[in-house]
Amino acid sequence: MRTLLLGSGGRESAMAWALGRSSVVSELIAAPGNPGVAEFAALAEVELDSPSSVDALAGRIDPQLVVIGPEAPLVDGAADLLRARGMKVFGPDADAALIEGSKSFAKAVMAEAGIATATARTFTTVAEAVSFMDELGPPFVIKADGLASGKGVVVTEDRSEAIDALEDRLVRGVFGDAGRRVVVEEFLSGQEVSIIGVSDGRTILACDPAQDYKRALDEDNGPNTGGMGSYSPVPACPPGRVEEISQEVLNPVVDVLASDGSPFVGALYAGVVLTESGPRVMEFNARWGDPETQALLPRLRTDFGELCAACAVGELAGAELRWRKEACVSVVLASAGYPGRYVGGMPIHGLEDAAGIAGVEVFQAGTAVREGDLVTAGGRVLSVSALGDNFEQARNRAYQAASRIYWDGRQMRSDIGARAVESESLSRSMSAHPASGEGRGATK
Ligand code: AMP
Ligand code: GLY
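Residues numbered from 1 in each chain as written. Chains lettered and ligands numbered in written order. Predicted model: local features only at pLDDT ≥ 70, side-chain atom pairs only at ≥ 80, totals over all residues. Heavy atoms only, no water.

A. Region of interest: the site of ligand 2. Taken together, D212, K214, G226, Y269, N285, R287, G289, D290, P291 and E292 make up the full set of residues adjacent to ligand 2. One nitrogen or oxygen atom from the side chain of D212 is found 2.7 Å from a nitrogen atom belonging to ligand 2. In the environment of ligand 2, an oxygen atom lies 3.3 Å from a nitrogen or oxygen atom belonging to the side chain of N285. In the shell around ligand 2, the residues fall into two nonpolar, three polar and five charged. (Near = heavy atom within 4 Å. Polar contact = N/O pair within 3.5 Å; in protein donor to acceptor, adjacent residues only side chain to side chain. Nonpolar A, V, L, I, M, F, W, Y, C, P; charged D, E, K, R; others polar.)

Here is the structure:
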């Protein structure tokens, strides 16, 4: 199958890597891609924010399968145009992608489907929003309703900061149309887990769980980012929990969207908080997670090209997802200053050295080739993913590889996957000393 992959981030590098290994993908073209994607695909130019540019490119290439990575073209209706041409597309039409494109739409779908989520209301004026915010109490959670490149959410204990966030969105128009409506919601406390399901519009299959690290600095300090690393599977979310989330969250969303005439074809990402009273949904995305995908696809044994095609043609029923038993830890290497202003153009060294470590794949995100040299060209520059027999091995490999890669100002968190290593050693010591599993300090 001649396959077109749209996108240019670390997620798309991992997707290109997986499509490059697919037995059904005979030719891979990526647009716009990046130098890492170019190892697996021929690159073409496209304006991702312009559905007509995507449509024109697809018209020229005439692919047998189109896989859409990022949310913007989905929400803007690129998949609709391609399907209108009769093309097979992995990625939802605009009306189904609204599950990510509008937080209030997502809340309405959850209400219809009876899905447990944070109590929330949508506002267009500051005074009403503040009064609901005060009813809920701190920590305050304020969200721009529309797409804001991951920057539309503020979570704070500080009431005046929350009011400032409301004014930024509703009065000062900092987020443009995306912030004309805000969602004020209850704070959910617990571990976050990303459950991504692949769907053909009727059937949805849940992937193994992954966990993302949103904050810039160790121990979840510093500002929110696009994600500084990930790991999979998630010891805090065992298979029974994934099945429960699949039954109680993913299936009902797919059913509601299908019965409303907007079947969801593609990757439905549920951001779930494991609260004391059970899993509750924090957000939906209409695509694979970044950087979760960089920890998931190295573990996927199912042919990724076949899987995307089965979704695109509505033939997922009866299929199954198969996963390696190994753990995967993926560490993001970012430019100095990220998620604020950063300087690009720094020469990157040590990539081959890093990729030589067993189990390691380096996925490129913000990179470019300048005068023959690979240089930084974005906030998140690379994802270093490593498989291992357990989390300890995967994490050691990922950090060993990451330490071989350097450029001026390179930053990374040093605690990606540490939580999983802890859970792993705790469960090892509990199974070695079963009677000591109660109370604190579980070792005898
Ligand atoms: P989002 O942009 O929706 O992914 O939100 C960014 C981050 O804000 C999430 O990963 C959470 O860490 C945090 N967040 C969003 N909504 C809530 C909530 N209701 N309760 C607690 N934290 C939240
Ligand atoms: N990792 C979070 C996201 O993809 O939105």
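B. Inspection of the nonpolar core at higher detail. Of all hydrophobic cores here, the largest spans 75 residues; its most connected members are L4, L6, I99, L268, F284 and I405. Leaving out residues up to four positions away in the same chain, L6 has contacts with E12, A31, V46, L48, V54, L57, V66, V67, I68, G69 and P70. Core analysis: the next-biggest nonpolar cluster, separate from the first, contains 38 residues, A14, I196, L297 and A312 among them. (Core = buried A, V, L, I, M, F, W, Y, C linked by side-chain atoms within 4.5 Å. Buried < 20%, exposed > 50% of the residue type's maximum accessible area, 1.4 Å probe, protein only. Contact = heavy atoms within 4.5 Å.)

C. Representation of the site of ligand 1. Around ligand 1, the surrounding shell holds 13 residues, and the nearest of these are E185, L188, E192, K214 and E283. At a separation of 3.0 Å, a nitrogen atom of ligand 1 approaches a polar backbone atom of E186. A distance of 3.5 Å separates an oxygen atom of ligand 1 from a polar atom in the side chain of K214. When ligand 1 sits alone it has 480 Å² of accessible area, and the protein chains cover 90% of it. Elements with a contribution of two residues or more to the shell around ligand 1: β7 (140-144), β8 (153-156) and β17 (278-285). Its residues placed into classes, the shell around ligand 1 shows six nonpolar, no polar and seven charged. (Areas by Shrake-Rupley, 256 points an atom, 1.4 Å probe, with all protein chains shown as cover. Helix = DSSP H or I, 4+ residues; strand = E, 2+ residues; numbered from the N terminus.)

D. Quick look at the pairing of strand β10 (residues 191-200). The element β10 is extensively covered by neighbouring structure, given that eight of its 10 residues are classed as buried. With 10 bridges joining them, β10 and strand β16 (residues 265-275) adopt antiparallel strand pairing. Counted as the bridge partner of S194 is G271 from β16. Hairpin connection from β10 to strand β11 (residues 204-206): three residues lie between these consecutive antiparallel strands, with G201 at a positive phi of about 105 degrees. (Pairing = 2+ DSSP bridges.)

E. How the structure looks around the sheet that holds β11. As summarised here, the arrangement of the four strands in space is β11-β10-β16-β17, forming an open sheet in which the pairing is antiparallel. Here the strands that pair on one side only, and so sit at the sheet edges, are β11 and β17. Strand-to-strand twist in this sheet, taken as the mean axis angle between neighbours without regard to direction, amounts to 30 degrees. (Axes fitted to C-alpha atoms, helices over the stretch in contact; angles between N-to-C directions.)

F. Expanded view of helix α5 (residues 94-101). Among the eight residues of α5, six are classified as buried, and the element is accordingly described as predominantly covered. Buried within α5 we find A94, A96, A97, I99, E100 and G101. Tucked inside the fold, the buried residues of α5 contact α3 (71-75), α4 (78-84), α6 (103-113), α9 (239-259), β16 and β17.

G. The packing of aromatic side chains, seen in detail. Applying the stated criterion to the full structure yields five aromatic pairs. Centroid distance Y213 to Y231: 6.1 Å. Interplanar angle 55 degrees. Geometry classified as tilted. In this pair, Y213 sits in the loop between β12 (211-212) and β13 (215-217) while Y231 sits in strand β15 (residues 229-232), placing the two residues 18 residues apart along the sequence. Measuring from centroid to centroid gives 5.5 Å for Y231 and F391, while their planes differ by 85 degrees, and the two rings are edge-to-face. Placement of Y231 in strand β15 and of F391 in helix α13 (residues 391-404) is noted, with a sequence separation of 160 residues between them. Judged by relative accessible area, F391 falls into the buried class, the value being 5%. (Phe/Tyr/Trp six-rings, centres within 6.5 Å; stacked < 30°, edge-to-face > 60°.)

H. Quick look at unusual backbone geometry. Going from D290 to P291, the amide bond is cis rather than trans, its omega being 20 degrees. Positive phi is not limited to glycine here, since E219 has a value of about 55 degrees. Inspection of the secondary structure assignment puts E219 in the loop between β13 and β14 (221-224). Positive phi values are uncommon outside glycine, yet E371 reaches one of about 45 degrees. Among the structural elements, E371 can be located in the loop between β20 (367-370) and β21 (373-376).

I. Spatial organisation of the packing of α6 against α9. For the pair α6 and α9, interaxial distance at closest approach is 9 Å and the crossing angle is 100 degrees. With respect to their mutual orientation, α6 and α9 come out roughly perpendicular. When α6 is examined against α9, the residues F105, V109, E112 and A113 are found in contact with a partner set consisting of P252, V253, V256 and L257. In terms of residue class, the contact of α6 with α9 is built from seven nonpolar, no polar and one charged. (Parallel < 35°, antiparallel > 145°, perpendicular 65-115°, else oblique.)

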